Amino acid sequence: NNWDKGDAIYLCRTNATPEGITKAENYEFFAGHTKNATPIWVKAVGDAKPIVDWPNHLGSESITYFPKMGKYILMTCRLKEEEDNLQYNVTIFWEADEITGPYKIIHYMKDWGAQTYFPNIPSQFINDDGSSAWITVASNYSVQNINPHQNRYAASMHELAFVLNDKPFKEEKLDLVNIAPMAKVWATSFEDDSKPEASIDGV
């Protein structure tokens, strides 16, 4: 129950009503599967079992369902502080056919951000093709080596695509037109290597 570090991820459910959400007795907790892979739900939180268990690698997380892919996409982030067990920040993408799993890793990123946490893909941000979307993250509350450069200590948005059936993702090249050819970029101040020209350098 730490926002940026954890060993396991658990799942609970309740009815989406004010009473269902506010009364503890209405919650059920995932407790594993039967022999025929049917999810088990229990009332006692002490009997809960994790959907993912990986000591020293997990932290903040979210799950989004992609209807056209028929996949649940789990994103997990863990932040490196002073501990010796993980020497880098890590953002991981997982997939499963059911929200209860089993989950498998489909992408593992070291120091992306570099400090990235609270990943989320709002279902409204899934593109029409059904396999690409916009992820929102927060990043870099104390580091300066930003990678990619848009990852800042704010609501950062990044477009991503999932490759299906081993087919490479083809980026659409838009026919862009400069509608302000006489405009100049200007700022009141800047620090380090952050210059106003960076907003139009095409990177």
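Residues numbered from 1 in each chain as written. Predicted model: local features only at pLDDT ≥ 70, side-chain atom pairs only at ≥ 80, totals over all residues. Heavy atoms only, no water.

Undergrad: Honestly, the side chain of Ser-60 in this entry has me stumped. Any pointers?
TA: As for its position among the elements, Ser-60 is in strand E6 (residues 60-66). Given the relative accessible area of 5%, Ser-60 is considered buried. Separated by 3.0 Å, the side chain of Ser-60 and the backbone nitrogen of Phe-118 make a polar contact. Excluding its chain neighbours within four sequence positions, the residues that come into contact with Ser-60 are Trp-3, Asp-4, Met-75, Thr-76, Cys-77, Tyr-117, Phe-118 and Pro-119. (Helix = DSSP H or I, 4+ residues; strand = E, 2+ residues; numbered from the N terminus. Buried < 20%, exposed > 50% of the residue type's maximum accessible area, 1.4 Å probe, protein only. Polar contact = N/O pair within 3.5 Å; in protein donor to acceptor, adjacent residues only side chain to side chain. Contact = heavy atoms within 4.5 Å.)

Undergrad: How should I be thinking about the sheet that holds strand E7 (residues 71-78) in this particular structure?
TA: Strand pairs in the sheet, formed through backbone hydrogen bonds, run parallel or antiparallel to each other. Taken in spatial order, the 4 strands line up as E6-E7-E8-E9 in an open sheet, and their pairing is antiparallel. The open sheet terminates on both sides in strands that have one partner only, identified here as E6 and strand E9 (104-110). Sheet twist, expressed as the mean angle between neighbouring strand axes with direction ignored, is 15°. Both E7 and strand E8 (residues 90-96) contribute to a ladder of 7 bridges, which runs antiparallel. Residue pairing in the sheet places Ile-73 in a bridge with Glu-95 of E8. (Pairing = 2+ DSSP bridges. Axes fitted to C-alpha atoms, helices over the stretch in contact; angles between N-to-C directions.)

Undergrad: Quick question: what am I supposed to make of the side chain of Ser-62 here?
TA: Summarising the element assignment, Ser-62 is placed in strand E6. A polar side-chain atom of Ser-62 sits 2.7 Å from the main-chain carbonyl oxygen of Pro-119. Contacts of Ser-62, omitting those with residues within four sequence positions, involve Ile-73, Leu-74, Met-75, Pro-119, Asn-120 and Ile-121.

Undergrad: Even after reading the chapter, I still don't get unusual backbone geometry, so can you show me in this structure?
TA: Excluding glycine, residues mostly have negative phi values, and the peptide bonds linking residues are mostly trans. Cis geometry marks the peptide bond from Gly-113 to Ala-114; its omega dihedral reads 10°. On the secondary structure map, Ala-114 appears in the loop between E9 and strand E10 (116-120). Here Asn-147 and Pro-148 are connected by a cis peptide whose omega angle stands at 0°. Along the chain, Pro-148 turns up in the loop between strand E11 (132-139) and strand E12 (156-161). Not every positive phi belongs to a glycine, and Ala-37 is a case in point at roughly 70°. Looking at the element boundaries, Ala-37 is found in the loop between strand E3 (28-33) and strand E4 (39-42). One non-glycine residue, Asp-111, lies in positive phi territory at about 50°. With respect to the helices, strands and loops of the structure, Asp-111 is situated in the loop between E9 and E10. What makes Asp-111 partly exposed here is its relative accessible area of 32%.

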